[in-house]
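Notes for the structure review
The lines below spell out each chain.
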There are 2 protein chains.
Amino acid sequence: MISEKMRPLVQNNSVIRVMFEEGKRLAGIYGAENVYDFSLGNPSVPAPKEVEQAILDTLREEDSMFVHGYMSNAGYEDVRETIAQSLNQRFGTSFGQDNILMTVGAASGLNVMLKTLLDPGDEVIVFAPYFLEYKNYVRGYDGKLVEISPNTADFQPNLEEFREKITAATKAVIINTPNNPTGVVYPEETLERMAQILREKEAEFGTDIVLLSDEPYRELAYDGVEVPYVTKFYHNAVVCYSYSKSLSLPGERIGYLVIPDEVTDSKDVFTAAVIANRVLGCVNAPSLIQRVIKRCIEMGATVDLAAYDRNRNRLYEGLKALGFSCIKPEGAFYLFVKAPEADEKAFCAKAQKYNLLLVPGSSFACPGYVRIAYCVSYEQIERSMPAFEKLAKEYGLA
Amino acid sequence: MISEKMRPLVQNNSVIRVMFEEGKRLAGIYGAENVYDFSLGNPSVPAPKEVEQAILDTLREEDSMFVHGYMSNAGYEDVRETIAQSLNQRFGTSFGQDNILMTVGAASGLNVMLKTLLDPGDEVIVFAPYFLEYKNYVRGYDGKLVEISPNTADFQPNLEEFREKITAATKAVIINTPNNPTGVVYPEETLERMAQILREKEAEFGTDIVLLSDEPYRELAYDGVEVPYVTKFYHNAVVCYSYSKSLSLPGERIGYLVIPDEVTDSKDVFTAAVIANRVLGCVNAPSLIQRVIKRCIEMGATVDLAAYDRNRNRLYEGLKALGFSCIKPEGAFYLFVKAPEADEKAFCAKAQKYNLLLVPGSSFACPGYVRIAYCVSYEQIERSMPAFEKLAKEYGLA
């Protein structure tokens, strides 16, 4: 019954399901509090109180037909204008509502842009390690994913290999900073060099190459580190934003695309993206939550970053002290730890003996490492430390 | 910049935009109350009061992390179970939560199913007149849309032509009852005959043919007419439901798929559909509104059907009295009126002289007719009658 394209996804899915079932099985045997599940990138900090306030205010102050009804497929004009002005204030950009397209989260925003841009065989470049779902998105529009190998020194993008792998068929590049799974943030000089390479290659091939910046973790940056705004560095840059992490609303599916005027054929690209959003079946981003986003911006709502930061420091320091090796993440809520043996899946299996659930780096096209999601309770991190210690001892680290 | 597939959609879109701008232009000249816009299928009846109650109750009684967080990609189990039990009570079916997949409206549900099922070149049959967006959905997965010509006698499906056009490449059939744009409801005998033909053709070709029932208008049926439940007639039937019209929540993008156990490889199809929903970028249906749907079902919430019914009767009787010809719709909120001249676009242009905005039937693959959406205020219908009268006189009808 199932299409050829979907069949491998169904097979692969059962592997993930086995992992999930294993977690439940362990919790059943040892008790949930004695199983240390670090596998999921699910916010552990609740939505800020402004979200509920904004819902109540919207219901009280706005007309029900307006709040739950159709709007322009691109989203409510006033919501888009509020987002544009907020970006302009924060980043010195000059967007207007006609640059903002409300989407069903960043995943949908990426799909919308790939459907808008890709012809069969077009190449999309990603930097390993990366969120493997990108491959499925690109395949959906018959594009070809081109991987740049990981730079394990500091997990900044390998720009020499990037330069070599850009071809006349390169239509888009996906970046994700702060990064899942490494927590790395690309500084200005990285984006500047990347943009320079893209401009050179556009000139060399006479093509347009779109830089898609997947930004669900933009607001999750620590130690005052700045996350530069990509549209300031490159003309063909499109931002795919999500409120899933920045307001802890992952279930609500709300985000937006920024398509700046500087993008080639910007107006047509925007129109095509609105149509792609419609034709993919989303039609528009959920309406009530759009209204809520506007009010949350006006109220200056943010999630409790300090909770993630505390987790980050505790886990990073704890694992370093035990002899594990990893770079200190500057953003997102993941630690990307070098496995003490080459086969990181074997390492994950050993970790599981101590009820530690970690994700192998090969799930991010980067074997030899594991991802530890610290969007969990602080208590889980504390309780898990003896288990990490036993694991370290098994490898002669601690 | 834009992909080959999207380019014609962008061109076509500007035609629609011109119509929309024309409506605004007329309103600017004559005043909004003197422009009779019957072009949009946008609910004119507000969401029932239970929707707001359900939102408030959810915020008060349920945990914020749960309400706005990730759930199973298929949707909250308890929401799906409530829907399944409600369907079972109403239609004598025997669904469980594992047959229900929450989607970002019916349009997204259709996309999910087409992505799940279609290989390039697979054929999808539709009955004219039909919602032209189906063509874009099918093309998105490289399927081929096959049209059955309209049966203008009563707008029931032309089943003889249907039988002839089913081939070994037929993978799916889309039906929409109550129908947009005709308002026709398919009775039991129609579905029985359609199912019989499908079973015969499945046996003849050794294939599976999935009947996709697009049901945003299921609850909008008048005069006590019954809308039979398709899964009772055919084993490979999948329902694509939406609350856009039944609870007047079109902006919220909430609906579900029903994938019965009787569908070939049902469990795999369900799994593939959940993955398709994820990979298309929706990930899951919006979370808060899922919770609200459960409470609305428990409270027995329905929209004010009487308001639509009043509009239907007033407009139908009014146009008949003026000499226009059309069948009386049994469901949805559209009247499909025969144009008094062969070129229905010329008719629409003449109507526009009287500030009447109607949609030509060629936008539904059925020239010679126009769609009049009566999901407007009763007052608009009243006020528009003199304009319809002038139009009728121009054709020598009244």
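Think of each chain on its own: its residues are numbered from 1, step by step along the sequence as written. Labels follow written order: the first chain is A, the first ligand is 1, and so on. Reporting in this predicted model follows two pLDDT cut-offs: at least 70 for local features of residues, and 80 or more for side-chain atom pairs to be given and counted; totals over whole chains, interfaces and linings ignore these cut-offs and use all residues. Side-chain calculation: all heavy atoms of the structure are included, whereas hydrogens and water are not.

A short note on the pattern of salt bridges
Any Lys or Arg side-chain nitrogen found within 4 Å of a carboxyl oxygen on Asp or Glu counts as a salt bridge. With the rule as written, the count across this model stands at 58 salt bridges over all chains. Residue Glu394 of chain A pairs with Lys353 of chain A through a salt bridge whose shortest N-O separation is 3.2 Å. Taken together, the residues Glu394 of chain A in helix H13 (residues 378–394) and Lys353 of chain A in helix H12 (residues 344–353) connect sequence positions 41 residues apart. When its relative accessible area of 32% is taken as the criterion, Glu394 of chain A is described as partly exposed. Classification of residues uses two cut-offs on accessible area relative to the type maximum, computed with a 1.4 Å probe and protein chains only: under 20% is buried, over 50% is exposed, and between them is partly exposed. In this structure Lys353 of chain A comes out as exposed when scored by relative accessible area, which is 54%. In this structure, Lys393 of chain B and Glu389 of chain B form a salt bridge, with 3.5 Å as the shortest nitrogen-oxygen distance. Here Lys393 of chain B pairs with Glu389 of chain B, and both are found in helix H13 (residues 378–394), just four residues apart, close to one helical turn. Residue Lys393 of chain B is classed as exposed on the basis of its relative accessible area of 51%. Look at Glu389 of chain B and you get partly exposed, because its relative accessible area is 34%. By sharing partners, the salt bridges in this structure join Asp57, Arg60, Glu61, Glu62, Asp78, Arg291, Lys294, Arg295 and Glu298 of chain A into a single network. Under the DSSP-based scheme used, a helix requires at least four consecutive residues in state H or I and a strand at least two consecutive residues in state E, with every element numbered from the N terminus.

Focus: the packing of helix H5 (residues 105–117) of chain B against helix H9 (residues 266–279) of chain B
All names here are of chain B. Note on method: axes are straight lines fitted to C-alpha atoms, helices fitted across the in-contact stretch only, with angles between N-to-C directions ranging 0 to 180 degrees. Interhelical geometry of H5 versus H9 gives an angle of 115° and a closest axis separation of 8 Å. Crossing handedness for the pair H5 and H9: right-handed. Within the contact between the two elements, H5 uses Ser108, Val112, Met113, Lys115 and Thr116 and H9 uses Val269, Ala272, Ala273, Ala276, Asn277 and Val279. Note on convention: near helix rotated counterclockwise from far helix by under a right angle means a left-handed crossing. Clockwise means right-handed. Contacts are assigned to residue pairs with any non-hydrogen atoms lying within 4.5 Å of each other.

Notes on the relation of the copies chain B and chain A
Each copy of the chain is related to the other by a rotation around an axis and a translation along that axis. Superposing chain B onto chain A takes a rotation of 180° combined with a translation of 0.0 Å along the rotation axis, leaving an RMSD of 0.0 Å. One copy is carried onto the other by what is essentially a two-fold rotation axis. The fraction of interface residues of chain B whose copies in chain A are also interface residues reaches 100%, indicating that both copies meet through the same surface. Residues reaching a pLDDT of at least 70 in both copies supply the C-alpha atoms on which the copies are superposed by least squares.

Details of the side chain of Glu161 of chain A
Residues and elements named next belong to chain A. With respect to the helices and strands, Glu161 occurs in helix H7 (residues 159–165). Polar contacts, as used here, are pairs of N or O atoms within 3.5 Å; protein pairs need one atom able to donate a hydrogen and one able to accept it. Residues neighboring in sequence count only if both atoms are side-chain atoms. In terms of polar contacts, Glu161 uses its side chain to reach the side chain of Ser149, at 2.3 Å. Not counting chain neighbours up to four residues away, the residues in contact with Glu161 comprise Glu147, Ile148 and Ser149.

Structural notes on empty space enclosed by the protein
Throughout, the protein atoms alone are placed on a 1 Å grid, and a set of points is a cavity if a 1.4 Å probe fits but cannot get out or a pocket if it is open with protein on both sides within 12 Å along at least five of seven lines; lining residues have an atom within 4 Å of a point. Grid points are joined across faces, edges and corners, and a volume is the space filled by probe spheres set on the points. Tallied over the full model, the rule gives seven cavities of 30 Å³ or more. In this structure, the largest cavity encloses a volume near 100 Å³. Residue lining of the largest cavity: Ser3, Lys5 and Gly140 of chain A together with Lys115, Leu118, Asp119, Pro120, Tyr141 and Asp142 of chain B, and that is the complete set. Its residues assigned to classes, the lining of the largest cavity shows three nonpolar, two polar and four charged. Residues were grouped as follows: Ala, Val, Leu, Ile, Met, Phe, Trp, Tyr, Cys and Pro as nonpolar; Asp, Glu, Lys and Arg as charged; and all remaining residues, including Gly, as polar.

Description of the sheet that holds strand E2 (residues 100–103) of chain B
All names here are of chain B. Spatially, E2-E8-E7-E6-E5-E3-E4 is the arrangement adopted by the seven strands of the open sheet, whose pairing is mixed. At either end of the open sheet lies a strand with only one pairing partner, and these are E2 and strand E4 (144–148). For this sheet, the mean angle separating the axes of adjacent strands, direction not counted, is 20°. The sheet strands contacting helix H4 (residues 77–91) are E2 and strand E8 (255–258), and the helix crosses E2 at an angle near 115°. What makes two strands pair is DSSP finding at least two bridges between them.

Focus on helix H8 (residues 188–205) of chain B
All names here are of chain B. Expected span of a helix: the number of residues minus one, times 1.5 Å. With 18 residues, H8 should cover 26 Å at 1.5 Å per step; its first-to-last C-alpha distance of 26 Å lies within 8% of that length. Buried residues of H8: Thr190, Leu191, Met194, Ala195, Ile197, Leu198, Lys201 and Glu202, and no others. Here the buried residues of H8 occupy an arc of 165° about the axis, which is enough to place them on one side. Summarising the geometry of H8, the exposed residues directed more than 90 degrees from the buried face are Glu189, Ala203 and Glu204. Buried residues along H8 sit in contact with strand E3 (123–127), helix H7 (159–165), strand E5 (170–175) and strand E6 (210–215). Looking one or two residues past H8, Gly206 carries a phi angle of roughly 65°, positive in sign. Regarding the arc, it is the one traced by the directions from the helix axis to the C-beta atoms.

Topic: the confidence of the model for chain A
Each residue carries a pLDDT score, the predictor's confidence in it, ranging from 0 to 100. In the predicted model, chain A carries a mean pLDDT of 96, and the fraction of residues at 70 or more is 100%. Predicted complex, confidence summary: ipTM 0.96, pTM 0.97.

Overview of the interface of chain B and chain A
Interface extent is often summarised as the accessible area lost during association of the parts. With 74 residues of chain B at the interface, the matching set in chain A holds 74 residues. Buried area is calculated as the accessible area (1.4 Å probe) missing from two parts once they are joined, with the contributions of both summed. A buried area of about 5,700 Å², summed over both sides, lies between chain B and chain A, and 60% of it is on carbon and sulfur atoms. Summed over the three residues of chain B that lose the most area to chain A, namely Met1, His68 and Tyr70 of chain B, the buried surface amounts to 15% of that side. The interface formed by chain B and chain A includes two salt bridges. As a salt-bridge pair, Arg278 of chain B and Glu133 of chain A come within 2.7 Å of each other at their nearest N and O atoms.

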